[in-house]
Amino acid sequence: MNPSGGLFWHLHAWRHQAQWTATCADIAQWLGQMPPSKDTHSELVIVGASAGWMMPSSWLQGFQTVTTFDLDRWAAPLFRLRHGAALRASNTALQCNTADALTDLDAVLQAHPRALVLFDNVLGQLRFHTPSVDEASRRIDTITARMHGRRWGSVHDAFSGRTQRRAGSASAPIMQRSVQAPAPTSAASQPAQSATRPVELGRFSRQLHAQGEWLDHLTDHVFPAGTPVHHIAWPFSPGYCHWLQAGWISP
Ligand SMILES: C[S@@+](CC[C@H](N)C(=O)[O-])C[C@H]1O[C@@H](n2cnc3c(N)ncnc32)[C@H](O)[C@@H]1O
């Protein structure tokens, strides 16, 4: 059983497309801000691509080669179904792989040395794929350290939990931007950190109408200090919302 993909995910994504329109528009806006490439041949590698439910084909069409990886055996045929025709129209070569691209990250990076790498809503899922929270955190740190020197980006869950907001309600929280703060040192106390938190993010979290305690997806150290971070609301299902964070890193 795949805890973050598989048939349940595909059915859920297919059924909620209308409720996720604003979230997908925010993601599309962020995707469009990817770091520029100096290469004449532009290549994209997507890890955790699933069927690419939340990205527009038009963004993928800007690449000459798109290579996807997902553990889920339904991901490759559904990705081709959703984006294949558009990519054929733009002469973009598409290769979809059913594989564990995180355990084999070295091999993936070596096989695609100049590609832009997108972790597509996968790093925040690792706590469900790893036996302990500590091990999941260590795994995320190892992955991000391995990306040093590469052009890469990630959109991932930061938090998720119950909300009073109804999916598709008119005033969706507006995407916010911040800059990744340095990792806290042992001398930095928690109250000092919250005092420096941007006002906009406080407003954003209130707009999510969170109820109770939210789940921490262990992604607060994914981005190096100074990375511009987009904050995106994702009304995952009625009464349940995810706080997504998205950022691009260039060497
Ligand atoms: C939330 S879904 C991603 C959604 C997808 N980006 C979309 O827009 O449709 C997370 C995906 O990550 C995949 N995944 C988890 N661990 C993985 C790994 N080690 N290598 C490749 N894919 C992985 C899961 O199978 C699942 O399809």
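Residues numbered from 1 in each chain as written. Predicted model: local features only at pLDDT ≥ 70, side-chain atom pairs only at ≥ 80, totals over all residues.

1. Topic: the overall build of the chain
Okay, so step 1: If you tally the helices and strands in the chain, you get 9 helices and 9 strands.
Okay, so step 2: Taking 2.2 N^0.38 as the reference for a compact globule, 251 residues should give roughly 18 Å; the C-alpha atoms of the chain span a radius of gyration of 18 Å, in line with that estimate.
Okay, so step 3: Here the C-alpha coordinates of the chain stretch approximately 50 × 40 × 35 Å along the principal axes.
Okay, so step 4: Residues counted as buried form 34% of the 251 residues belonging to the chain. (Helix = DSSP H or I, 4+ residues; strand = E, 2+ residues; numbered from the N terminus. Rg over C-alpha atoms; globule rule 2.2 N^0.38 Å. Buried ≥ 20, exposed ≤ 12 C-beta atoms within 10 Å, placed from the backbone.)

2. With respect to the nonpolar core
Okay, so step 1: Ranked by internal contacts, the top residues of the largest apolar core, which has 52 residues, are Ile27, Leu44, Ile46 and Val47.
Okay, so step 2: Among the elements that line this core, the one with the most residues is strand β9 (residues 240-249), at 6 residues.
Okay, so step 3: Sequence-distant contacts of Ile46, defined by excluding residues within four places in its chain, comprise Val66, Thr68, Phe69, Leu118 and Asp120. (Core = buried A, V, L, I, M, F, W, Y, C linked by C-beta atoms within 7 Å. Contact = placed C-beta atoms within 7 Å.)

3. Brief notes about the environment of Ala183
Okay, so step 1: Structurally, the position occupied by Ala183 is in the loop between β6 (176-179) and α8 (190-195).
Okay, so step 2: Note: C-alpha distance between Ala183 and Asp220 (37 residues apart in sequence) is 8.8 Å.

4. Points about the site of the ligand
Okay, so step 1: In the vicinity of the ligand lie 26 residues, with Gly5, Gly48, Ser50, Trp53 and Leu102 positioned nearest.
Okay, so step 2: Class assignment of the residues belonging to the shell around the ligand gives a composition of 13 nonpolar, 9 polar and 4 charged. (Near = placed C-beta within 6 Å. Nonpolar A, V, L, I, M, F, W, Y, C, P; charged D, E, K, R; others polar.)

5. Describing helix α2 (residues 21-31)
Okay, so step 1: Where α2 is concerned, the buried positions are Thr23, Asp26, Ile27, Trp30 and Leu31. For α2, the angular spread of buried residues about the axis comes to 140°, placing them on one side.
Okay, so step 2: At its buried positions, α2 is contacted by α3 (57-60), β5 (152-162), β8 (228-237) and β9. (Arc of directions from axis to C-beta.)

6. Here's the deal with the confidence of the model for the chain
Okay, so step 1: Confidence along the chain averages 90 in pLDDT terms, with 91% of residues attaining 70 or more.
Okay, so step 2: In the predicted structure, residues 189-196 sits below a pLDDT of 50 and forms 2 contacts with residues beyond four places in sequence or in another chain. (pLDDT = per-residue confidence, 0-100.)

7. Points about helix α4 (residues 75-89)
Structurally, the α-helix is built with 3.6 residues per turn, so residues lying three or four positions apart point the same way.
Okay, so step 1: Between the first and last C-alpha of α4 there are 21 Å, a value that for 15 residues agrees with the 21 Å anticipated at 1.5 Å per step.
Okay, so step 2: By the largest-angle criterion, His83 marks the main kink of α4, which is about 55°.
Okay, so step 3: Taken together, the buried positions of α4 are occupied by Ala75, Ala76, Leu78, Phe79 and His83.
Okay, so step 4: Taken from the residues just after α4, Asn91 is the one with a positive phi, measuring 60°. (Expected span 1.5 Å × (residues − 1). Bend = angle between axes of the 7 residues up to and from the residue.)

8. Points about the pairing of strand β1 (residues 43-47)
Each regular strand displays side chains that alternate between the two surfaces of the sheet.
Okay, so step 1: With 4 of its 5 residues buried, β1 lies for the most part within the structure.
Okay, so step 2: In this structure, β1 lies alongside strand β2 (residues 65-70), joined through 5 bridges in parallel fashion. Of the residues in β2, the one forming a bridge with Ile46 is Thr68.
Okay, so step 3: Where β1 lies against strand β4 (residues 116-120), 4 bridges are found, and the strand directions are parallel. By the bridge assignment, Val45 is partnered in β4 with Val117. (Pairing = 2+ DSSP bridges.)

9. Brief notes about the pairing of β5
Okay, so step 1: Across the 11 residues that make up β5, a large majority, 9, are buried.
Okay, so step 2: In terms of strand pairing, β5 meets β9 through 10 bridges, oriented antiparallel. What sits directly across from His156, in β9, is Gln245.
Okay, so step 3: Bridge count between β5 and strand β7 (residues 215-216): 2 bridges; the pairing is antiparallel. Opposite Ser160, over in β7, you have Leu215 as the bridge partner.

10. Topic: unusual backbone geometry
Okay, so step 1: The backbone of Ser50 sits at a positive phi, close to 45°, despite the residue not being glycine.
Okay, so step 2: Of note, the phi angle at Asn121 is positive, near 60°, even though the residue is not glycine.
Okay, so step 3: With respect to the helices, strands and loops of the structure, Asn121 is situated in the loop between β4 and α6 (126-129).
Okay, so step 4: We classify Asn121 as buried; it has 25 C-beta atoms within 10 Å.

11. Quick look at the environment of Asp157
Okay, so step 1: In this structure, Asp157 sits in strand β5.
Okay, so step 2: On the neighbour-count criterion, Asp157 (23 C-beta atoms within 10 Å) is buried.
Okay, so step 3: For the pair Asp157 and Ala233, spaced 76 residues apart in sequence, the C-alpha separation works out to 9.8 Å.
Okay, so step 4: If near-sequence neighbours (up to four positions away) are discounted, Asp157 is found in contact with Gly124, His217, Thr219, His242 and Leu244.

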